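# Overview (structure and organization)
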Amino acid sequence: MRSILRGLLPLAVVFLLSAAGQFMPAVDEGPDGPAVIVVGENGFGSIREAIDYARPGDIVRLDPGVYDEPVEVDKPITLMGSGVQTVYTSTLVVSSNGVTLTGHTFQNIYYNATSHDWDYGGVVTRQTSGNSPSNSYISGLTVSSCTFRNCRQGVFLFGAKNCVVQNSNFYGCYRGITINPHRIGNTIYWSAYSNTIKDCNFYRMDGSGDCDGEAIAIFDSNSNLVDNCYMEGNSYGVHILRGVGNTVRNCEIRDTTYAPISAQSCTATNSFTLTGNELIDNSGNLRIASCARFTVISNEFEGNGAPIDIGRSSSFSFTGNTINGSAVHLNQSVGGNIPSNSFVASSVQTFTFSGSQGHYNHNIGTSNTVSGKPIHYYYNRNGIQLTDADAGAVLL
């Protein structure tokens, strides 16, 4: 029936009367482009029926309304909503490569219809069939122009790669976006890598005490990019745990309760890069723990309520940053290359240290300044003389 219809429908059709006397909902399809399959008035009665009818590359368009059916998108189609007028109250699971979701609102989703309690959320990627896990899934998901309100997680990129979340807004979720590999026991079967989150806004992600509440959390995942996002009033901004080659750039993060950006246990070469970000008026500050070989370059820190804390870390670069009202606390760290940072004069020290004598071993050059005047730093040296030095700070 389907192949016959596709051959006979070069133009928009509202209804067809089937041989069985039943009405076939509308399908709008041109001779060369994808079919547009409608859910709602004058269309299919459920999203599942429309997806079953669709072929790869087709567009399933949802009329305005509230949709509470659990949905699994298991073929490469575009699922198109009407923005704030198309509302989901149940988790949407993506189990196919090449899916596009655009123009949907997900709200009040703290539970789903699966047997799991860790993947509640608006959109969750998960391979759901097959006896042999394949690392080729899930790839190429695009989530665009969507809104997430009061969800356990907005988007859970679970074992996902080469996915994009863009131009979307997150409000009052337990966590905005999670990127995490898919494990069975302690073994990773579906890696997570090379995902992009860009041009998104996050407001009031709130966890339980000092746990969770991140706008974006990246766990054991490599080469992800967070670009040009705005985060305000969250428990945390971006949190990175382990992984290689992750980048956070050009983001503005304000009014965070704990750390606007935090990284932990990232030790491989090029473990992460933070560049071009503005961290402003947060209760906490940048927090890095047990990391190595990372780069923090050309960021702005202003009005934050705690020092920039680089703890138990080594062989890193902290360069070209502008700092107003914060110290850089080198906490049991060693081997930092720290040039060309600009401090605004204040009552706060520029650099502070803790640990043994070896933890003072950093390259802190006079290219670092306080209000344009050089910082002089001397480690393990005797007979130091500064004659008529116009210094911004002297650290011995």
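Notes on the structure in this doc start here.

Reading guide: rules and limits
Residues numbered from 1 in each chain as written. Predicted model: local features only at pLDDT ≥ 70, side-chain atom pairs only at ≥ 80, totals over all residues. Heavy atoms only, no water. Helix = DSSP H or I, 4+ residues; strand = E, 2+ residues; numbered from the N terminus. Contact = heavy atoms within 4.5 Å. Areas by Shrake-Rupley, 256 points an atom, 1.4 Å probe, with all protein chains shown as cover. Buried < 20%, exposed > 50% of the residue type's maximum accessible area, 1.4 Å probe, protein only. Pairing = 2+ DSSP bridges. Phe/Tyr/Trp six-rings, centres within 6.5 Å; stacked < 30°, edge-to-face > 60°. Axes fitted to C-alpha atoms, helices over the stretch in contact; angles between N-to-C directions. Core = buried A, V, L, I, M, F, W, Y, C linked by side-chain atoms within 4.5 Å.

So, on to the overall build of the protein. Within the protein, the secondary structure is distributed over two helices and 46 strands. Looking at the protein alone, contacts between residues at least 24 apart form 42% of all its contacts between residues at least 6 apart. Just so you have it, the protein exposes about 16700 Å², and 46% of that area is on carbon and sulfur atoms.

Bringing the pairing of strand 42 (residues 351–354) into the picture now. Residues Phe-351 and Phe-353 of strand 42 are buried on one face, while the alternating residues Thr-352 and Ser-354, pointing to the opposite face, are not. As judged from the four bridges shared by strand 39 (residues 328–331) and strand 42, these two strands associate in the parallel manner. Residue pairing in the sheet places Val-328 in a bridge with Phe-351 of strand 42.

Here the distance between the centres and the angle between the planes together describe a pair of aromatic rings. What the rule picks out here adds up to 16 aromatic pairs. Ring centres of Phe-170 and Phe-202 lie 4.6 Å apart, and the angle between their planes is 10°; this geometry places the pair in the stacked category. One end of the pair, Phe-170, is in strand 18 (residues 169–171); the other, Phe-202, is in strand 23 (residues 201–203), and 32 residues separate them in sequence. Take Phe-170: its relative accessible area is 0%, and that puts it in the buried class. Here Phe-202 falls in the buried class, since its relative accessible area comes to 0%.

We now examine the sheet that holds strand 16 (residues 153–158). Neighbouring strands of a sheet are bound in pairs by backbone hydrogen bonds; such pairs are parallel or else antiparallel. Spatially, 7-10-13-16-19-24-27-30-33-36-39-42 is the arrangement adopted by the 12 strands of the open sheet, whose pairing is parallel. Of all the strands in the sheet, just strand 7 (71–73) and strand 42 have a single pairing partner and so form its edges. When strand polarity is set aside, the average angle formed by the axes of neighbouring strands in this sheet is 10°. Judged from the three bridges that link them, strand 7 and strand 10 (residues 92–94) form a sheet pairing that is parallel. Across the sheet, residue Glu-72 finds its bridge partner in strand 10, namely Val-93.

What follows concerns the nonpolar core. By size, the foremost hydrophobic cluster in this structure holds 85 residues, and its most contacted members are Phe-202, Ile-216, Met-231, Phe-318 and Phe-351. For this core, the leading source of residues is helix 2 (residues 47–53), giving four residues. Ignoring any residue separated from it by four or fewer positions in sequence, one finds Phe-351 in contact with Val-328, Leu-330, Ile-338, Phe-343, Ile-364, Asn-368, Ile-375 and Leu-395.

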